[in-house]
Number of protein chains: 4
Amino acid sequence: MIRAAVIGGSGYTGGELARILCRHPQIELAAMTSRQNAGTPVSKVLPALRGFTDLSFEAQLQTDVDLAFLATPHGASMDLAPELLSRGIKVVDLSGDYRLRDAAMYEKWYGHPHRDLDGLSRAVYGMAELFREDIAGADLVANPGCYPTCSVLSLAPLMASGLVDGKVIIDAKSGTSGAGIEPTRATHHSTCGASITPYKVVGHRHTPEIRMALETVSGTDVGVVFTPHLLPIVRGMLTTSYVVLKKDKNKDELQALYDEYYAGRRFVRLTPVPSIPSTVGSNFAEVGIETADMGTVVVMGALDNLVKGAAGQAIQNANIVFKLDETVGLDFPGLGV
Amino acid sequence: MIRAAVIGGSGYTGGELARILCRHPQIELAAMTSRQNAGTPVSKVLPALRGFTDLSFEAQLQTDVDLAFLATPHGASMDLAPELLSRGIKVVDLSGDYRLRDAAMYEKWYGHPHRDLDGLSRAVYGMAELFREDIAGADLVANPGCYPTCSVLSLAPLMASGLVDGKVIIDAKSGTSGAGIEPTRATHHSTCGASITPYKVVGHRHTPEIRMALETVSGTDVGVVFTPHLLPIVRGMLTTSYVVLKKDKNKDELQALYDEYYAGRRFVRLTPVPSIPSTVGSNFAEVGIETADMGTVVVMGALDNLVKGAAGQAIQNANIVFKLDETVGLDFPGLGV
Amino acid sequence: MIRAAVIGGSGYTGGELARILCRHPQIELAAMTSRQNAGTPVSKVLPALRGFTDLSFEAQLQTDVDLAFLATPHGASMDLAPELLSRGIKVVDLSGDYRLRDAAMYEKWYGHPHRDLDGLSRAVYGMAELFREDIAGADLVANPGCYPTCSVLSLAPLMASGLVDGKVIIDAKSGTSGAGIEPTRATHHSTCGASITPYKVVGHRHTPEIRMALETVSGTDVGVVFTPHLLPIVRGMLTTSYVVLKKDKNKDELQALYDEYYAGRRFVRLTPVPSIPSTVGSNFAEVGIETADMGTVVVMGALDNLVKGAAGQAIQNANIVFKLDETVGLDFPGLGV
Amino acid sequence: MIRAAVIGGSGYTGGELARILCRHPQIELAAMTSRQNAGTPVSKVLPALRGFTDLSFEAQLQTDVDLAFLATPHGASMDLAPELLSRGIKVVDLSGDYRLRDAAMYEKWYGHPHRDLDGLSRAVYGMAELFREDIAGADLVANPGCYPTCSVLSLAPLMASGLVDGKVIIDAKSGTSGAGIEPTRATHHSTCGASITPYKVVGHRHTPEIRMALETVSGTDVGVVFTPHLLPIVRGMLTTSYVVLKKDKNKDELQALYDEYYAGRRFVRLTPVPSIPSTVGSNFAEVGIETADMGTVVVMGALDNLVKGAAGQAIQNANIVFKLDETVGLDFPGLGV
């Protein structure tokens, strides 16, 4: 068994990592850390896990492990990763610290300089369906954000085809769990429970990450207009993206392009209209495509922001890093209803 | 025009008072206070009121008024009311400070001694449908809590009839706006948005208030078991109450009892099954009754916790205090859908 | 008093017309028709209106009225309007029958030929803020769809300015009440209650209506890509639209453009981020604007689909037709929370 | 591998059986039947199962199996079970047909006579935690209703203790998936999506089932007052029950009683306040207890109505029937968030 630690385990992604790992046949949940919950049984903080783990939270990682998932906030991961790597521990970081290859870009969007340039240069961007080969040799994986996962997975075949002019509009909608466990005015039920709210319009940190990923896939410059909205659901995300084709393609041709691109990629499912409930609780993403007037193509993606958008993809990345089948421990269907 | 101030106007009940008062034909919204928003236009904090009021928040009440609604927290109202009363200003207090007639009971449930025993002795409990005559002569009205309003209105005819043994079980369900504007873990959307959560089981402060009101109505001792639950809706409340009859009555007889009791009370509507949407946005409460086995009667009540359960009833009380028709400014229907 | 009938009064828009009209000081709700509820008191079908109307549903309009609101399905209105008009009754039609000026376009999108070409040629498109002068002289008003109202109101100042290239992307999100009162698989709570679902992607009937309105406003051809989504809320709609400017304008300049365009239009409110709750229950629409990269502008609109998106705007149109102040009976704020 | 068929597989419980069985290590999903979907791939009707099953729906069961789950409506199961049993196929029926031991009671509550008295007499009531020994030898298991599972599991230790007087009040709240896949006015999102609605007050068919189970557990007559409510969530159920103790017990004593009663029962979890999200997607039920005034005890239960309240418990029953560990294929945690 590969032994794994979840660092910063008292938030939603930490809990989700534990939920999946406690049933993983080849990676063992060996430790969870949390400063605020140090000494407390994990199953007290995460009651759904009672009977599935006997661990208590450690204040700092004491246990010997092969792998660490960093479910720590932006800014904290880059202080933890170097030391873990120096101990020979593989790292999958779920924060934004290692996602943007360019340190200047990081400083611009995250508001402070990057403090681990060495790590930044060796980190691999873990969009598993797109960069599996790079991930296989990595010891530091930057796990993508939820919005980038949903939108890039749904746009990648088009972008890779060279058919698209260099501009993408992404209208994204996320459940509230994407905003984390800390209560705020925005996620207060009375604020958001009967509404849909645009936020950080044109200013969300996932914008440069999406752009970087799409540029890597397409090999060209890409402009991204990205508008996130907060949905009155807990889990689940939908992105509706709009691109213009350089030359006419009908729906069947585009469908074929997608089928081929994702052949053998178990966790991406093509469908006429993506459905959040089909993905909830699972590592599957659904992608659908529709042609509109004026050469515009509408691409829709759906996934569970806590699984494929966070913890599930992180475990998929760990599987790849350790040369396991990428689906091990993740091959269960979404709730459907 | 009667001139009114809303003291503590930056929470939900303050906002709701303003929403209704800005259209009231005989009471004018003349001032709103808020320490945290002092100097800010009211319509900036409450954007739905843009075009309906030009007021800015005052740090403390400077404006000359006839009437003050205290939308202040428990413990703050009793420090404000005496001074307002001494200036000849009528007071309707929406906090719990003047609801429990017994100062010892207040201290037990609110955790600190009462500091205005004089006010406590002259305050009238403003359950408008039950105590209209007392309210008419009052200068200090304790506006009832949302749960007491819903459950007492639905139980009062039975309790007043002497038919009920002295014990009441109330299973109550409230929308999240009842918990106020401050974000907490309990009202975080990801916590409560796909659940119904019992809270303060057997320990909620509205229990002694309900008991006091039912004892007043029935003239006997009453035992109350009260279980509140948090619902994943913003506005609206339902109480399902269970009592045992001392002697058999069929549903028609009970219905007749209710019809008679609430004859001429515009804001209580009898219906087979109360509906929250029919009451939302309005000062109406709906009450329904069903007979079950073993002499048990199931009584259901529904209302909008921010209107009939707070601001609407407060304005109804003010109407009564000032000898206006009690429906003035409140006589509009709920949204229905 | 102007006497009004609501034809087809058992759906949501019929109910909403009644809710507002029963408090309108200058238009009296004089009759409601419903084949399926004929003979039943209106307040039995719409319990929120108990105490506000004593009408019973008529099978067909018998009562003498000055004005009829057609809350009938597409295809039924065009069979009713001519006869009503011939009796001198002004008609505001809430269906799609008279919205598209072009009969061929109507047949293409609604699936049957138009049967009242005369009516079609005299009907006025009742987007009240844009075409008030035309409406004032009309006897047949086509009340706009909810999606067109929200998106056209938010885009009109830009389109009218000549600044925009001829293409608009509209990503629209609607509460379920927009789908009407008849239960379907799509609006079954278990289907839609924890999801957001794109539907009729690139094929919704409101697309040509939006296009027609934007072309009227801009005086040029406009291409529209329109994607509606079903939201898990009951009331409320948000549209997020994307256009590209022909020449650079900063946010302040655009803001100024909007301020000027909507000066004196009480029901359109400019705001940084439109909020559905601020509009719920009211006839107000909120519009916000943000500049993005590549000359793209993001325009957001929010409103209550049953009020400003249907019944409220219909009453606003009736006010204009009868030369009343357009705000009469509609000048109340949204719930806010 | 034990080979299983799901009969009537196009509803929610059929889909949920398939979701769990497709990952069950010892029971194989070998066939699904559906008249309306005959010939269609299962994964087309249940898109979340794409990649997990290659089955197509059969119109009638053709495949050779050891076990059949009847996810058929009340009234249909009793026409199917005898023939299946005669072929040596074990049957777990998820309808109400074999739950009530008394045929007269069945006729009273289900509105038609029972047509398989022989089956009725040999059927075992499959409340797995309470009647495991009886289930182990059975070939026809009546899988309990969702409400009975939630309320009986939470009340059983008290009822078995002989401490309770013979009367129980159960205030139950269910997500909409409990009402099935067919759209109705009650489950239309616009009706139920921002409300909580009592329904079938004192008249729900689960009442006699709860009573039968509690009488079996307690060995005495039990009176049940049962009020179901429809919640605006998709999955999940909460019951809040009220009983009076014959003699005083404090909370610790009651807690000890529960701990002992459920020792070794993996799927019942004791907790201060049961949480629906902790159970969603899983076969776990949570139970909590609180003492109130006047000897009253408040007992709360939570579970996922589609899993522990239907498909999960049915599979647990099948495990027991086939002498497998009762947790096989079910031992995964709830989503938690």
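Please read these numbers as outputs of a predicted model, since none were measured by experiment.

The rules we used
- Residues numbered from 1 in each chain as written.
- Chains lettered and ligands numbered in written order.
- Predicted model: local features only at pLDDT ≥ 70, side-chain atom pairs only at ≥ 80, totals over all residues.
- Heavy atoms only, no water.
- Helix = DSSP H or I, 4+ residues; strand = E, 2+ residues; numbered from the N terminus.
- Buried < 20%, exposed > 50% of the residue type's maximum accessible area, 1.4 Å probe, protein only.
- Contact = heavy atoms within 4.5 Å.
- Least-squares fit on C-alpha atoms with pLDDT ≥ 70 in both.
- Pairing = 2+ DSSP bridges.
- Salt bridge = Lys/Arg side-chain N within 4 Å of Asp/Glu carboxyl O.
- Phe/Tyr/Trp six-rings, centres within 6.5 Å; stacked < 30°, edge-to-face > 60°.
- Lys NZ or Arg CZ within 6 Å of the ring centre and 35° of its normal.
- Buried area = accessible area lost by both parts, 1.4 Å probe.

Engineer: What is the right way to look at the environment of Leu29 of chain C in this model?
Structural biologist: Residue and element names in this part refer to chain C. Residue placement: Leu29 occurs in strand β2 (residues 27–33). Classification of Leu29 by relative accessible area gives buried; the value is 10%. In this structure the C-alpha to C-alpha distance between Leu29 and Thr53, which are 24 residues apart in sequence, comes to 8.2 Å. Beyond its immediate chain neighbours, meaning those up to four positions away, Leu29 contacts Ala4, Val6, Ala18, Leu21, Thr53 and Leu55.

Engineer: How do you make sense of the relation of the copies chain C and chain A when you look at a structure like this?
Structural biologist: Look at the two chain copies: a rotation about an axis and a shift along it is all it takes to match them. Rotating chain C by 180° and moving it 0.0 Å along the rotation axis overlays it on chain A with an RMSD of 0.0 Å. What the superposition gives is, in effect, a two-fold axis relating one chain to the other. Interface residue correspondence from chain C to chain A reaches 100%, placing this contact among same-surface, isologous pairings.

Engineer: What am I meant to see in the sheet that holds strand β6 (residues 140–142) of chain B here?
Structural biologist: Neighbouring strands of a sheet are bound in pairs by backbone hydrogen bonds; such pairs are parallel or else antiparallel. Residue and element names in this part refer to chain B. With respect to topology, six strands assemble into an open sheet ordered β2-β1-β3-β4-β6-β5, the strand pairing being parallel. In the strand order of this sheet, the two ends are held by β2 (27–33) and β5 (124–125), each with one partner. Summarising the sheet, strand β3 (residues 67–70) and strand β4 (residues 90–93) pair through four bridges and their orientation is parallel. Residue pairing across strands places Ala68 opposite Val91, the latter belonging to β4.

Engineer: When you look at the pattern of salt bridges in this model, what are you seeing that I'm missing?
Structural biologist: Proximity of charged atoms lets side chains of opposite charge pair with each other. With the rule as written, the count across this model stands at 72 salt bridges over all chains. Put simply, Arg269 of chain A and Glu286 of chain A hold a salt bridge, and the shortest N to O gap is 3.0 Å. Within this pair, whereas Arg269 of chain A is found in strand β12 (residues 268–270), its partner Glu286 of chain A is found in strand β13 (residues 285–291), the two being separated by 17 residues in sequence. The pair Arg269 of chain A / Glu286 of chain A is uniform in exposure class, with both members buried. A salt bridge links Lys251 of chain D to Glu290 of chain D; its shortest N-O distance comes to 3.1 Å. Here the residue Lys251 of chain D occupies a position in helix α10 (residues 251–261), and Glu290 of chain D occupies one in strand β12 (residues 285–291), the gap between them amounting to 39 residues.

Engineer: Before we go on, may I ask you to explain the relation of the copies chain C and chain B in this structure?
Structural biologist: Mapping chain C onto chain B calls for a screw motion: a turn of 180° about the axis and a shift of 0.0 Å along it, with 0.0 Å RMSD after fitting. A high fraction, 100%, of the interface residues of chain C reappear at the interface in chain B, so the copies pair face to face through one surface.

Engineer: What exactly am I supposed to notice about the packing of aromatic side chains here?
Structural biologist: To describe a pair of aromatic rings, you give the distance between the ring centres and the angle between the ring planes. A full pass over the atoms with the stated rule returns 24 aromatic pairs over all chains. Measuring from ring centre to ring centre gives 5.0 Å for Tyr261 of chain B and Tyr262 of chain B, while their planes differ by 80°; the resulting arrangement is edge-to-face. The class for Tyr262 of chain B is buried, based on a relative accessible area of 4%. Ring geometry for Phe267 of chain C versus Phe284 of chain C: centroids 5.2 Å apart, planes at 75°, classification edge-to-face. With a gap of 17 residues between them, Phe267 of chain C in the loop between α10 (251–261) and β11 (268–270) and Phe284 of chain C in the loop between α11 (276–279) and β12 (285–291) connect regions that are remote in the sequence. Taking relative accessible area as the criterion, Phe284 of chain C reaches 1% and is therefore assigned buried. Three or more aromatic residues joined by ring pairs make a cluster, and in this case those are Phe52 of chain A together with Phe267 and Phe284 of chain D. The positively charged end of Arg266 of chain C is found above the aromatic ring belonging to Phe52 of chain B, 4.6 Å away from the centroid.

Engineer: What is the right way to look at the interface of chain C and chain A in this model?
Structural biologist: One frequent convention defines the size of an interface as the accessible area lost when the parts assemble. Tallying the contact residues gives 38 residues for chain C and 39 residues for chain A. Taken together, both faces of the contact between chain C and chain A bury some 3000 Å²; the carbon and sulfur share is 73%. Broken down residue by residue, the surface that chain C buries against chain A is led by Ile196, Tyr242 and Met294 of chain C, which jointly contribute 17%. Linking chain C with chain A are two salt bridges.

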